[in-house]
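Reading the structure
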Amino acid sequence: MASPTKFAQRYGLLIFVLLVTLCVVRGIAVAQQSAAPAPPSASLSKASVSDFADAADEVLAQMSEITHLQPRATLKKSLRSRDEIHAHVIQEMNEDKNPAERYAGARSAQAFGLLPKGFDLDSFMIDLLTEQIAGLYDPKAHEFYVADWIPIADQRMVMAHELTHALEDQHFEIEAWVKTARPNDDSELAREAVLEGSAMAAMVEYLLQGSGRSLQDLPDIDPAMLIGDMTETPLLKKAPPFLKDALIFPYLDGMTFSAVILKPNGWEGLPAIFAKPPASTQQIMHPALYRSGKVPAPVALPSIDQALGPEWAKLEDNVMGEFGWKEVLRQYLDDLRAKSLAAAWDGDRYMVYEHKQTKRLLLITRERLASREQAERFFGQYSEALEKKYAQRTALFRKPDFFSFDTSDGGVFLRCYERECVTLEGGDRALFIQFHKQLEWGPAPEAPRPLRKPAKEIASE
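Here's a quick rundown of the structure. (Residues numbered from 1 in each chain as written. Predicted model: local features only at pLDDT ≥ 70, side-chain atom pairs only at ≥ 80, totals over all residues. Heavy atoms only, no water.)

1. Quick look at the overall build of the protein chain
For the protein chain, the count of helices and strands is 21 helices and eleven strands. Per-residue burial for the protein chain yields a buried fraction of 56% across its 461 residues. In the protein chain, of all internal contacts separated by at least 6 residues, the share reaching a separation of at least 24 is 74%. With an accessible surface of roughly 19700 Å², the protein chain has 53% of that area assigned to carbon and sulfur atoms. (Helix = DSSP H or I, 4+ residues; strand = E, 2+ residues; numbered from the N terminus. Buried < 20%, exposed > 50% of the residue type's maximum accessible area, 1.4 Å probe, protein only. Contact = heavy atoms within 4.5 Å. Areas by Shrake-Rupley, 256 points an atom, 1.4 Å probe, with all protein chains shown as cover.)

Written as structure tokens, this is what we have:
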């Protein structure tokens, strides 16, 4: 389900690499600001090709010194126009995922309620990235470029971020390293957070040179101050909350993770993170779990392909992770509850199916929680979330560990047992019974039987 934003996460977005500078300077008392790297005069709107090349070489040397990653090959570099970037965005999007895979990701996000029905994710992301990309390191072509409309004063900031990617690629082959996590979307997003987060940490340290501050201070920076003013970015302002969060997550949470994990030994510890990457977004959100080696429990879902028949097509079979579930929960619950409940995540699996003719969606999930108490808590609060998700409900039925109702799009079922909970949205009770039987959780709760007489007549007897 995280797949709709994977392509975007690989690219430096203007909001993060440009507005971050003012935020950092505003939030940190820089003791020797004048000693920080001085960009060319902001009065010049664009740099010449030679100025750009000279600046890139200079910044590359500085990023190499900061990260302790020595250049191993000559780096191609260029300036690109907006039209060239637009064409490149479309090309890279198609190469990263084919149209069917991108469609499946978008529809899965809709099944969870993360994107509105009919939302054209491809077009939105192409327009957003064309508007926002300030610079890019392309690991396929081993080329770095900057948007030619970016003011000279800002180009060095972009370079600091993207040239960190270039150095990491020369040492760790980042394209293959990220894709090794596939098909686990949660694990892949965690690796993206390492890439963007370490580049953010390196960029901020570049900006702090000569100030007496360094990477060691980054955990004390409030990541929220690095977002900038989204009202100045029209398309990002219009993005659904999930998309905003998914775009921001690798940068801010990844930066905090990198700063915490690198703090003991500085940048000398970076190769160890690539050698032993985080297994989940949970480890990114809670670096102590990465240090302790806690990994998600493997979770499997029973197959319902035969029960559904050939009229249904499976779109996705994947993992949401703590970040994904936090996003789902915060669509319907307040942020505090969503964050707390998601933190109890200990593994999950989900499947999304689409009816070939009607395009109706069917969503099945299985979540493992940290304890029975957390599973009971999940049951209570996710019941509330499901009721908010489906405004029109009939035949509501509730027991201490089972909850169901009917909607115009099919039945909704929630069942918890010991430390686990399962949901089925978009099917009927017969399908849920077949699914539940394969779980071997004992008999499924019986549906309420219809009354033979009206309730008033029974009460008067």
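Further notes follow.
2. Considerations on the pattern of salt bridges
A pair can form between side chains of opposite charge whenever their charged atoms are brought close. Applying the stated criterion across every chain yields a total of 28 salt bridges. Linking Asp317 and Arg349 is a salt bridge whose minimum nitrogen-to-oxygen distance equals 2.8 Å. Taken together, the positions of Asp317 in strand 5 (residues 312–318) and Arg349 in strand 6 (residues 345–355) put the pair 32 residues apart, joining distant regions of the chain. Classification of Arg349 by relative accessible area gives partly exposed; the value is 22%. What you see here is one network of salt bridges that share partners, running through Asp245, Lys326, Glu327, Arg330 and Asp335. (Salt bridge = Lys/Arg side-chain N within 4 Å of Asp/Glu carboxyl O.)

3. Quick notes on the nonpolar core
Core analysis: the biggest nonpolar cluster contains 113 residues, and Met125, Phe144, Met159, Leu243 and Tyr382 have the highest contact counts within it. Dropping the residues within four chain positions of it, Met159 is found in contact with Phe52, Ala55, Ala56, Val59, Phe144, Val146 and Thr164. (Core = buried A, V, L, I, M, F, W, Y, C linked by side-chain atoms within 4.5 Å.)

4. A closer look at the pairing of strand 7 (residues 361–369)
For strand 7, the tally of buried residues reaches eight of nine residues, placing the bulk of the element in the interior. Bridging between strand 6 and strand 7 involves eight bridges; their strand directions are antiparallel. In the strand pairing of strand 7, Tyr353 is matched with Leu362. The turn joining strand 6 and strand 7, which pair antiparallel and follow one another in sequence, is formed by five residues; a positive phi near 65° is taken by Lys359. (Pairing = 2+ DSSP bridges.)

5. As for the packing of aromatic side chains
Aromatic ring pairs are defined here through the distance separating the ring centres and the angle between the ring planes. Per the counting criterion, the structure on display carries 18 aromatic pairs. The interplanar angle of 65° and the centroid separation of 5.9 Å between the aromatic rings of Tyr390 and Phe405 together place this pair among those described as edge-to-face. Of this pair, Tyr390 sits in the loop between helix 19 (372–389) and strand 8 (394–399) while Phe405 sits in strand 9 (residues 402–407), and the two are 15 residues apart along the sequence. Taken individually, Tyr390 and Phe405 each receive the classification buried, so the pair is uniform in this respect. Here Phe413 and Phe432 contribute two aromatic rings whose centre-to-centre distance is 4.9 Å and whose plane-to-plane angle is 10°, an arrangement assigned as stacked. Of the two residues, Phe413 sits in strand 10 (residues 410–417) while Phe432 sits in helix 20 (residues 429–439), which places them 19 residues apart along the sequence. Both residues of the pair, Phe413 and Phe432, belong to the buried class. For the cation-ring pair, Arg80 lies above Tyr145, with the distance from its terminal atom to the ring centre recorded as 4.1 Å. The ring of Trp177 carries Arg191 above its face, with NZ or CZ at 5.1 Å from the centroid. (Phe/Tyr/Trp six-rings, centres within 6.5 Å; stacked < 30°, edge-to-face > 60°. Lys NZ or Arg CZ within 6 Å of the ring centre and 35° of its normal.)

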